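Summary of the model geometry
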Amino acid sequence: MSPTADDGIRVLVVEDDPVAADAHTLYVGRVPGFTVAGVAHSRAEAHRVLERTPVDLILLDLYLPDGHGLQLLRALRAAGHSADVIAVTSARDLAIVREGVSLGVVQYVLKPFTFATLRDRLDRYAEFRASAGEASGQDEVDRALATLRTPQPAALPKGLSGPTLEAVTRTLRDAPAGLTAAEAGAAVGISRITARRYLEHLVTAGRAARSPQYGQIGRPELQYRWIPSGR
């Protein structure tokens, strides 16, 4: 059965961590024009899915239990599979990035990331994929490539800054037992109220969870805990 226009862009999620795979599947399903065609937790499982399911785009983790993601991609290209790939990884080795580009990796999304980050990459990929016809000149070719290659950072809510968000994120990620807003603020050097705004932003983005901390006199404080997105 071949994909139809109603299917949208069909995505295979390849991720060995079940929690991360569920999160990526949820994220893809929330972006209009995209549908999850399958989920695989290993190279072997990805091969099996691709044998029976038409796929336009692979959301590919590079660290799989039975080999590197680029080994999977190399085998797919040798077998004639032409699906595009967005690599989802913590790998920052530029040699791997260059090799991935040569094999058809159109975007890299570094872990951990928010829904807004992935949505931006998927929207830009869809815009690039929709380009059709013959370019009128170099400018039009450049614009098409720029759509894919130069994504803009997702806008933060008013009053939040990127560097402070990075500092709060790093502090929360380094606290396995979680932190209160007061503890996060003290660690970063901002007020409890300001820290809570950043922590609530991470909760909204799906990167943190909150729960009441009991055992103290008076109103319980909220405890924030980092939600890992896999390796």
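Coordinates for the structure precede this section.
Values in this document were obtained by computation on a predicted structure and should not be read as measured data.

**Details of the environment of Ile 86**
Relative to the helices and strands, Ile 86 is located in strand β6 (residues 84-89). The buried category is assigned to Ile 86, whose relative accessible area is 0%. As a C-alpha pair, Ile 86 and Val 106 span 20 residues in sequence and 5.8 Å in three-dimensional space. Those residues in contact with Ile 86 that lie beyond four places of it in its chain are Leu 57, Ile 58, Leu 59, Leu 60, Val 106, Gln 107, Val 109 and Leu 122.

**So, the side chain of Thr 53**
One can find Thr 53 in the loop between α2 (43-52) and β3 (57-61). Exposure remark for Thr 53: the relative accessible area of 14% places this residue in the buried category. Sequence-distant contacts of Thr 53, defined by excluding residues within four places in its chain, comprise Arg 10 and Ala 37.

**Focus on the pattern of salt bridges**
This model, assessed by the stated rule, comprises six salt bridges. Two residues, Arg 129 and Asp 56, come together in a salt bridge whose shortest N-O distance is 3.1 Å. Highlighted residues: Arg 129 in helix α5 (residues 115-129) and Asp 56 in the loop between α2 and β3, separated in sequence by 73 residues. For Arg 129, a relative accessible area of 38% puts it in the partly exposed group. Taking the relative accessible area as the measure of exposure, Asp 56 reaches 14% and is therefore buried. Note that Asp 120 is salt-bridged to Arg 121, the shortest N-O span being 3.4 Å. Since its relative accessible area comes to 16%, Asp 120 is described here as buried. A single salt-bridge network, built from bridges that share partners, covers Glu 15, Asp 61 and Lys 111.

**Quick notes on the packing of α2 against helix α3 (residues 69-78)**
One way to put it is that α2 packs onto α3 with a least axis distance of 10 Å and a crossing angle of 30°. It follows from the interaxial angle that α2 and α3 lie roughly parallel. Judged by the sense of rotation from one axis to the other, the crossing of α2 with α3 is right-handed. Contacts between α2 and α3 pair Arg 43, Ala 46, His 47 and Leu 50 from the former with Gln 71, Leu 72, Ala 75 and Leu 76 from the latter. Looking at the contact of α2 with α3, its residues break down into five nonpolar, two polar and one charged.

**So, α5**
Under the 1.5 Å per step criterion, the end-to-end length of α5 is 21 Å for 15 residues, consistent within 8% with the ideal 21 Å. For α5, the complete set of buried residues consists of Phe 115, Leu 118, Asp 120, Arg 121, Leu 122, Arg 124 and Tyr 125.

**Let's talk about the sheet that holds strand β7 (residues 105-110)**
Spatially, β2-β1-β3-β6-β7 is the arrangement adopted by the five strands of the open sheet, whose pairing is parallel. Looking at which strands have only one partner, the edges of the open sheet turn out to be β2 (34-40) and β7. Looking at each pair of strands side by side, their axes are set apart by 20° on average, direction ignored. Strand direction decides the pairing type here: β3 and β6, joined by five bridges, are parallel. Note on β6: the bridge partner recorded for Leu 59 is Ile 86. α3 rests against β1 (9-14), β3, β6 and β7 of the sheet, and its axis sits at about 150° to β3.

**Some remarks on the packing of aromatic side chains**
Across all of its chains, the model carries one aromatic pair by this definition. The positively charged end of Arg 173 is found above the aromatic ring belonging to Trp 226, 5.7 Å away from the centroid. The lysine or arginine in question, Arg 207, covers the ring of Trp 226, its NZ or CZ lying 4.9 Å from the ring centre.

**Observations concerning the environment of Arg 196**
In this structure, Arg 196 sits in helix α9 (residues 192-204). Judged by its relative accessible area of 37%, Arg 196 is partly exposed. As a C-alpha pair, Arg 196 and Thr 180 span 16 residues in sequence and 8.3 Å in three-dimensional space. Ignoring any residue separated from it by four or fewer positions in sequence, one finds Arg 196 in contact with Ala 181, Leu 222 and Tyr 224.

The rules behind these values
In this numbering scheme, every chain counts its residues from 1 along its sequence in written order. Side-chain atom pairs in this predicted model are given and counted only at pLDDT of 80 or more, local residue features only at pLDDT of at least 70, and totals for whole chains, interfaces and linings cover all residues. The basis for every side-chain value is the complete set of heavy atoms in the structure, and neither hydrogens nor water enter the calculation. Strands are runs of DSSP state E lasting at least two residues, helices are runs of H or I lasting at least four, and both sets are numbered from the N terminus onward. Note on exposure labels: buried denotes an accessible area under 20% of the residue type's maximum, exposed denotes more than 50%, and partly exposed covers the range between, all computed with a 1.4 Å probe on protein chains only. Working rule for contacts: check all heavy atoms of both residues, and any pair within 4.5 Å makes them a contact. Salt bridges are identified by distance alone: a Lys or Arg side-chain nitrogen within 4 Å of an Asp or Glu carboxyl oxygen. Here an axis means a line fitted to C-alpha atoms, over the contact stretch when the element is a helix, while the angle between two N-to-C directions is reported on a 0 to 180 degree scale. An angle below 35 degrees is read as roughly parallel, one above 145 as roughly antiparallel, one from 65 to 115 as roughly perpendicular, and any other as oblique. Two helices cross in a left-handed way if the nearer one is turned anticlockwise from the farther one by less than a right angle. They cross in a right-handed way if the turn is clockwise. Here the nonpolar group is Ala, Val, Leu, Ile, Met, Phe, Trp, Tyr, Cys and Pro; Asp, Glu, Lys and Arg are the charged ones; every other residue, Gly included, is treated as polar. Helices are assigned an expected span. That span is 1.5 Å times one less than the residue count. Strand pairing is assigned whenever DSSP detects at least two bridges linking the two strands. Whether two aromatic rings pair depends on their centres lying within 6.5 Å, for rings of Phe, Tyr and Trp, where Trp uses its six-membered ring; planes under 30 degrees apart make the pair stacked, over 60 edge-to-face, and the rest tilted. Here, over-ring charges are defined by two tests on the NZ atom of lysine or the CZ atom of arginine: distance to the ring centre within 6 Å, and angle to the ring normal within 35 degrees.

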